[in-house]
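So you can see what is in the structure, the chains are spelled out below.
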Amino acid sequence: MKLLSFEYQGRERFGLLRGDDEIVDLSGLGCASLRAALATGALPELRQRAAGGGQVLRLADVRLLPPIPAPEKIICVGVNYGNRNEEYKDGSAPPAYPSVFPRFPGSFVGHGRPLIRPRVSRQLDYEGEIALIIGKRGRHIPAAQAWDHVAGLTCANEGTVRDWVRHGKFNVTQGKNFDGSGAMGPWMVTADEFDPAAPLTVTTRVNGEQRQHDTTANLMFPFAELIRYISTWTTLEPGDVISTGTPVGAGVRFDPPRYLAPGDLVEVEVPGIGTLANTVADEPA
C-alpha cells in the first residue's frame with residue numbers, strides 16, 4: 001500500500017495511491033494526517049474504507065509533501081555502507097556504533113519540488129538513501145522485534161551543504177539542515193510489502209547519470225540494529241523517520257567535486273518504493 005501526504009486546494013491532506021495516478025483522499029475519514037493515522041493504529045480501517053469509496057484526486061493535481069510532513073524526530077545515519085568507511089581513506093577501522101545526527105522537517109521537500117541551493121554556499125550535494133518510517137511507539141526495542149515497529153519505507157535525498165558540515169568540530173548539524181536542501185518521498189510503501197530479510201537497492205542519478213548504487217546487504221548497521229541502537233536512548237514515536245545512510249559516490253568525493261547546480265535533476269530510486277525526483281534551484285535573493 002502506497003500512502004502519501006499532499007496539498008490540495010490550500011489544505012494538507014493524505015491518501016492512498018491507487019494505480020499510477022489516482023489518490024483516494026483519506027483526510028475526511030477520522031484522522032487529520034498520516035502521522036495521526038499511524039499513532040492511532042487506523043491504517044487497516046482506512047484501507048478498508050478506501051476500498052469502499054472516497055474522494056478521488058489525480059496525482060497531477062496535487063502538490064506532494066514528504067510522506068510525514070512534520071515528524072517529531074528525523075534521525076539520520078552517516079557512513080553506514082561498508083565501502084563508505086573505506087572512501088574516507090583514513091585507515092580507520094569499521095565503527096563500533098552508528099554515527100547519527102538530527103534533521104529538522106523544514107530541511108526536506110516533497111517529490112517534484114525544487115531542492116534549494118542556499119545563497120551562502122555553492123556546495124549543495126546529494127545523498128540518496130532509504131528512510132524508515134516508524135509506526136509503533138517503542139523504547140529499548142530488541143533487534144528481533146524491530147520490523148514490528150516499522151510502518152513503511154520511503155526514498156530520501158539527504159542533501160548536504162558540504163562547507164557548512166565542517167563549521168563545527170564535533171557536529172554536522174548546520175550543513176545538514178538548510179531549508180529545503182533535501183527531499184523525501186514520493187510516498188511511503190507499507191512494511192508488509194517488503195521481506196525484511198531481502199536486500200534493497202538504492203540508486204542515485206544526476207541528470208540521468210548514475211552516481212550512487214549499492215545494496216543494503218552492505219550496511220554496517222542493518223535496519224534492525226539501527227532501530228535497536230536508536231531506541232536505546234530515545235523513544236521512537238509513530239511518524240519518526242530514520243534515514244539509513246548513503247552509498248559511495250556523493251559529489252564531494254569526485255576530483256574535482258561535482259556539486260549540484262540550478263537546473264540539475266536528482267533522482268533517487270529504490271525498487272519496491274519508486275523514484276524520488278527533484279530539480280535544483282537557487283535560494284531567492
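Residues numbered from 1 in each chain as written. Predicted model: local features only at pLDDT ≥ 70, side-chain atom pairs only at ≥ 80, totals over all residues. Heavy atoms only, no water.

*Asks:* How do you make sense of the overall build of the protein when you look at a structure like this?
*Replies:* If you tally the helices and strands in the protein, you get five helices and 19 strands. Taking 285 residues into account, the globule formula puts the C-alpha radius of gyration at 19 Å, and the protein, at 18 Å, falls close to it. Overall, the C-alpha framework of the protein stretches about 60 × 45 × 30 Å when taken along its three principal axes. Taken over 285 residues, the protein has a buried fraction of 52%. Across the protein, every contact between residues at least 6 apart in sequence was considered, and the portion connecting residues at least 24 apart equals 75%. When the accessible area of the protein is evaluated, it comes to approximately 12,500 Å², of which 51% is carbon and sulfur surface. If the 29 positive side-chain charges of the protein are averaged to one point and the 33 negative ones to another, these points end up 4 Å apart. (Helix = DSSP H or I, 4+ residues; strand = E, 2+ residues; numbered from the N terminus. Rg over C-alpha atoms; globule rule 2.2 N^0.38 Å. Buried < 20%, exposed > 50% of the residue type's maximum accessible area, 1.4 Å probe, protein only. Contact = heavy atoms within 4.5 Å. Areas by Shrake-Rupley, 256 points an atom, 1.4 Å probe, with all protein chains shown as cover. Lys, Arg positive; Asp, Glu negative; His and termini not counted. Charge placed at Lys NZ, Arg CZ, Asp CG, Glu CD.)

*Asks:* What is the right way to look at the nonpolar core in this model?
*Replies:* Nonpolar side chains tend toward joint burial in soluble globular proteins. Judged by nonpolar contacts, the single largest core of 49 residues is most densely connected at Leu153 and Ile227. Broken down by element, this core gets its largest block of residues, four residues, from helix α5 (residues 223–233). When we break this core down by domain, the ones giving at least three residues each are domain 1 (2–64) and domain 2 (74–282). Beyond its immediate sequence surroundings of up to four residues, Leu153 is in contact with Ile130, Ala131, Leu132, Trp147, Trp187, Met188, Val189, Phe194, Leu200, Phe223 and Ile273. (Core = buried A, V, L, I, M, F, W, Y, C linked by side-chain atoms within 4.5 Å. Domains from an automatic or database assignment.)

*Asks:* Is there a simple way to explain helix α2 (residues 43–51) in this structure?
*Replies:* Counting along an α-helix, one turn takes 3.6 residues, and residues three or four places apart therefore face a common direction. Among the residues of α2, Leu43, Leu46 and Ala50 are the ones counted as buried. Each buried residue of α2 sits inside an arc of 60 degrees when the element is viewed along its axis, so together they form one side. Set apart from the buried face of α2 by more than 90 degrees, the exposed residues are Pro44, Gln48 and Ala51. The secondary structure elements touched by the buried residues of α2 are β1 (2–8), β2 (11–18), β3 (22–25) and α1 (34–39). (Arc of directions from axis to C-beta.)

*Asks:* Looking at this structure, I do not really get the domain arrangement of the protein. What am I missing?
*Replies:* In many analyses, interface size is given as the accessible surface area lost on bringing the parts together. In terms of domains, the protein is made up of domain 1 (2–64) and domain 2 (74–282). A separation of 25 Å is found between the C-alpha centroids of domain 1 and domain 2. For the domain 1 and domain 2 pair, buried surface summed over both sides reaches about 1,100 Å², with 65% attributable to carbon and sulfur atoms. Considering only the surface of domain 1 that becomes buried against domain 2, Lys2, Leu38 and Leu64 emerge as the three largest contributors, covering 49% of it. Where domain 1 meets domain 2, there are one salt bridge. (Buried area = accessible area lost by both parts, 1.4 Å probe. Salt bridge = Lys/Arg side-chain N within 4 Å of Asp/Glu carboxyl O.)

*Asks:* What should I look at first to understand the sheet that holds strand β19 (residues 274–282) in this one?
*Replies:* The strand order across the open sheet formed by five strands is β9-β19-β18-β15-β16, and the pairing between neighbours is mixed. Single-partner strands in this sheet number two, and they are β9 (115–117) and β16 (209–215). This sheet shows a mean twist of 20 degrees between the axes of neighbouring strands, independent of strand direction. Relative to β19, β9 is paired through three bridges, and the arrangement is parallel. Residue pairing for β19: Leu115 is matched across the bridge by Val280. (Pairing = 2+ DSSP bridges. Axes fitted to C-alpha atoms, helices over the stretch in contact; angles between N-to-C directions.)

*Asks:* Please clarify how the pairing of strand β15 (residues 201–206) should be interpreted in this entry.
*Replies:* Each regular strand carries side chains that alternate between the two faces of the sheet. The buried fraction of β15 amounts to five of the six residues, a majority that puts the element mostly inside the structure. As judged from the six bridges shared by β15 and β16, these two strands associate in the antiparallel manner. Opposite Thr204, over in β16, you have Gln212 as the bridge partner. What sits between the antiparallel neighbours β15 and β16 is a turn of two residues, in which Asn207 has the positive phi angle 55 degrees. Here β15 pairs with strand β18 (residues 265–270) via four bridges, running antiparallel. Bridge assignment links Thr204 to a residue of β18, and that residue is Val268.

*Asks:* Looking at this structure, how should I read empty space enclosed by the protein?
*Replies:* In this approach, a probe sized like a water molecule rolls over the atoms, and the result shows the empty space that is left. Scanning all chains against the criterion turns up one cavity of 30 Å³ or more. There is about 30 Å³ of room inside the largest cavity. Every residue along the wall of the largest cavity is listed here: Pro66, Ile68, Pro69, Pro71, Ile74, Pro105, Phe108 and Met184. A class-by-class count of the residues in the lining of the largest cavity yields eight nonpolar, no polar and no charged. (1 Å grid on protein atoms, 1.4 Å probe; cavity = no way out; pocket = protein on both sides within 12 Å on 5 of 7 lines; lining within 4 Å. Points joined across faces, edges and corners; volume = space filled by probe spheres on them. Nonpolar A, V, L, I, M, F, W, Y, C, P; charged D, E, K, R; others polar.)

*Asks:* Is there a simple way to think about the packing of aromatic side chains in this case?
*Replies:* When we look at a pair of aromatic rings, we describe it by the centre distance and by the angle of the planes. This model, assessed by the stated rule, comprises two aromatic pairs. Their ring planes at 90 degrees and their centres at 5.1 Å tell us that Trp164 and Phe178 sit as a pair that is edge-to-face. One end of the pair, Trp164, is in helix α4 (residues 162–165); the other, Phe178, is in the loop between α4 and β14 (182–190), and 14 residues separate them in sequence. The ring of Phe108 has Arg103 sitting right over it, with the charged end atom 4.4 Å from the ring centre. Its guanidinium or amino end placed over the ring of Phe254, Arg211 lies 5.5 Å from that ring's centre, counting from NZ or CZ. (Phe/Tyr/Trp six-rings, centres within 6.5 Å; stacked < 30°, edge-to-face > 60°. Lys NZ or Arg CZ within 6 Å of the ring centre and 35° of its normal.)

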